[in-house]
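Coordinates in review
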Amino acid sequence: SRWVSGAEAREYAHWLRAGFDALAVGGATARADDPALTVRGSVAPRVAPARVVITAKDALPVSLQLVRTARAVRTIVLTTSDRAGAAAELTATGVTVESAGSLDAGLVRLREHAGVLSLLVEGGGRLAGALLEAGLVDRMYWIQAPLWLGNGAVPAFAGLAPRALDAAPRWSAVERRALGEDTLLVLDREPCSQDS
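With that settled, consider the packing of aromatic side chains. For the coordinates displayed, the defined rule picks out 3 aromatic pairs. Ring centres 6.5 Å apart and planes at 90° place the aromatic pair phenylalanine 20 and tyrosine 141 in the edge-to-face group. Of this pair, phenylalanine 20 sits in the loop between helix 1 (7-17) and strand 1 (22-26) while tyrosine 141 sits in strand 6 (residues 139-144); the two residues are 121 residues apart in sequence, bridging distant segments of the chain. We classify tyrosine 141 as partly exposed; its relative accessible area is 27%. For the pair tryptophan 142 and phenylalanine 157, a centre-to-centre distance of 5.3 Å together with 90° between the ring planes defines the contact as edge-to-face. Taken together, the positions of tryptophan 142 in strand 6 and phenylalanine 157 in the loop between strand 6 and strand 7 (171-179) put the pair 15 residues apart, joining distant regions of the chain. On the basis of relative accessibility, which here comes to 27%, the residue phenylalanine 157 falls in the partly exposed class.

This is the structure:
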């Protein structure tokens, strides 16, 4: 099966995408799912969001549609690798390659060099977990489908360090609603207290 969520949730996701400067996925998700990362359906963004692949690896296959269509839709690979050969191959296809030593430095680079002020990260689990662990997420749009894939599935948030209940970050639910059979939960990170 290609879809986890239903048609209403996918329509909402495209509406949400239209409001961001860029849409991002991790390198493993780009390689496994070959996403288009574009706004489709009835909504038309004022400016089409850029596409960003955040990866520690030095290259993406040029066969991916993100790479093949990079001249038509602005595409950025944010990597922690410096291998010039891989960067040159991607650059030749129209992809912009940005290098940074960490996620937070990479997000600064996207803002300062690529003008990305708002970024919607759609997956995968390792990238989502790394962003949460680094405290780099302000708002989460979590669409939950009523199915369970079990232990062999990709976790929504991988690599989070274990925490005691009283030390776990708290989030505020700002919206809950049904999207067909699925559920949307919008969470904002609670601000740090003055004494922490």
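Next comes the rest of the account.
Before going further, it helps to spend a moment on the sheet that holds strand 8 (residues 182-189). With antiparallel pairing, 3 strands are arranged side by side in an open sheet as 6-8-7. In this open sheet, the two edge strands, each paired with only one partner strand, are strand 6 and strand 7. Looking at each pair of strands side by side, their axes are set apart by 15° on average, direction ignored. Of the strand pairs in this sheet, strand 6 and strand 8 are connected by 6 bridges, and their pairing is antiparallel. Bridged to tryptophan 142 within strand 8 is leucine 185.

Cut-offs applied
- Residues numbered from 1 in each chain as written.
- Predicted model: local features only at pLDDT ≥ 70, side-chain atom pairs only at ≥ 80, totals over all residues.
- Heavy atoms only, no water.
- Phe/Tyr/Trp six-rings, centres within 6.5 Å; stacked < 30°, edge-to-face > 60°.
- Helix = DSSP H or I, 4+ residues; strand = E, 2+ residues; numbered from the N terminus.
- Buried < 20%, exposed > 50% of the residue type's maximum accessible area, 1.4 Å probe, protein only.
- Pairing = 2+ DSSP bridges.
- Axes fitted to C-alpha atoms, helices over the stretch in contact; angles between N-to-C directions.

Remember, this is a structural readout, not a statement about activity or role.
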